Amino acid sequence: MKEKTLSIIKPDGIRANLIGKVLSRLEEAGLRVKAMKMLHLTKKEAMGFYVVHKERHFYESLTSFMSEGPVLVMVLEGENAIQVLRGAMGKTNPKDADPGTIRRDFAESLERNIIHGSDSQDSAQYEIGYFFNALEIMSD
Ligand code: ATP
Ligand code: MG
């Protein structure tokens with residue numbers, strides 16, 4: 001089933017100049033970019049984005065990290081895009097991620113793990129709407 005998902009190249013990925021390498025992995029996985037923008041999130045915007053984690057012990061640190069520098073947010077589309085993106089990213093902790101995944105190959109720690117991907121259809125819908133309006137998402 002063709003679906004859309006949201007991905008973010010996190011501030012560590014931008015700082016390490018990895019936009020091209022990460023996008024290559026995503027395109028090679030069969031995903032197409034349908035919308036894209038670079039933003040420097042405020043702490044509040046990062047908190048709103050990760051609100052599902054507001055009770056977690058890492059929420060404060062995670063939202064500081066996500067607002068420390070620019071990020072690249074994008075809507076990706078493809079067959080089973082949510083699962084395909086998560087597969088290309090690898091497990092949350094780069095140490096547990098398979099070789100050949102973005103996190104294993106580029107990330108430095110559990111928190112600073114280069115890339116975000118929506119984990120369900122519900123979260124994809126919330127996250128795409130958080131950053132993009134309908135006119136900004138290409139339909140062709
Ligand atoms: P993401 O939502 O960013 O795609 P994920 O779905 O693999 O990552 P989540 O459990 O949703 O993992 O955690 C969100 C993010 O919070 C992680 O990607 C990581 O940056 C950070 N994180 C998760 N667990 C921890 C932890 N125990 N300590 C520090 N940071 C963490
Ligand atoms: Mg998540």
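Right, let's walk through the structure included here. All figures in this text were calculated on a predicted structure; none of them were measured in a lab.

1. What about the sheet that holds strand β1 (residues 2–9)?
Strand order in the open sheet formed by 4 strands is β2-β3-β1-β4, with antiparallel pairing between adjacent strands. The open sheet is flanked by β2 (32–39) and β4 (115–117), the only strands paired with a single partner. Within the sheet, the average angular offset between the axes of one strand and its neighbour, ignoring direction, is 20 degrees. The sheet contact formed by β1 and strand β3 (residues 71–79) spans 8 bridges and is antiparallel. Paired with S7 across the two strands is M74, which belongs to β3. Lying over the sheet, helix α2 (residues 19–28) contacts β1, β2, β3 and β4, oriented at roughly 15 degrees with respect to β3. Sitting on the sheet, helix α5 (residues 81–89) touches β1, β3 and β4, and the angle it makes with β1 is about 35 degrees.

2. Here we look at helix α4 (residues 59–66)
Buried within α4 we find Y59, L62, T63, F65 and M66. Each buried residue of α4 sits inside an arc of 155 degrees when the element is viewed along its axis, so together they form one side.

3. Focus on the environment of K43
Examined against the element boundaries, K43 turns out to sit in helix α3 (residues 43–49). Given the relative accessible area of 26%, K43 is considered partly exposed. Separated by 85 residues in the primary sequence, K43 and I128 have C-alpha atoms spaced 19 Å apart. Among the polar contacts made by the side chain of K43, one reaches the main-chain carbonyl oxygen of E60 at a distance of 3.0 Å.

4. Here we look at the side chain of H116
With respect to the helices, strands and loops of the structure, H116 is situated in strand β4. A polar contact of 3.4 Å, which involves the side chain of H116, links it to the side chain of Y50. Residues in contact with H116, not counting those within four places in the same chain, are L6, S7, I8, K10, F49, Y50, L85, M89, R103 and E127.

5. A short note on the site of ligand 1
Ligand 1 sits among 15 residues. The nearest are Y50, H53, T92, E111 and N113. Taking H53, its side chain carries an N or O atom lying 2.8 Å from an oxygen atom of ligand 1. Its free accessible area being 580 Å², ligand 1 has 84% of it covered by the protein chains. Of all elements in the fold, only α5 and β4 reach the threshold of two or more residues within the shell around ligand 1. Grouping the constituent residues of the shell around ligand 1 by class yields 5 nonpolar, 6 polar and 4 charged.

Criteria and thresholds
Residues numbered from 1 in each chain as written. Chains lettered and ligands numbered in written order. Predicted model: local features only at pLDDT ≥ 70, side-chain atom pairs only at ≥ 80, totals over all residues. Heavy atoms only, no water. Pairing = 2+ DSSP bridges. Helix = DSSP H or I, 4+ residues; strand = E, 2+ residues; numbered from the N terminus. Axes fitted to C-alpha atoms, helices over the stretch in contact; angles between N-to-C directions. Contact = heavy atoms within 4.5 Å. Buried < 20%, exposed > 50% of the residue type's maximum accessible area, 1.4 Å probe, protein only. Arc of directions from axis to C-beta. Polar contact = N/O pair within 3.5 Å; in protein donor to acceptor, adjacent residues only side chain to side chain. Near = heavy atom within 4 Å. Areas by Shrake-Rupley, 256 points an atom, 1.4 Å probe, with all protein chains shown as cover. Nonpolar A, V, L, I, M, F, W, Y, C, P; charged D, E, K, R; others polar.

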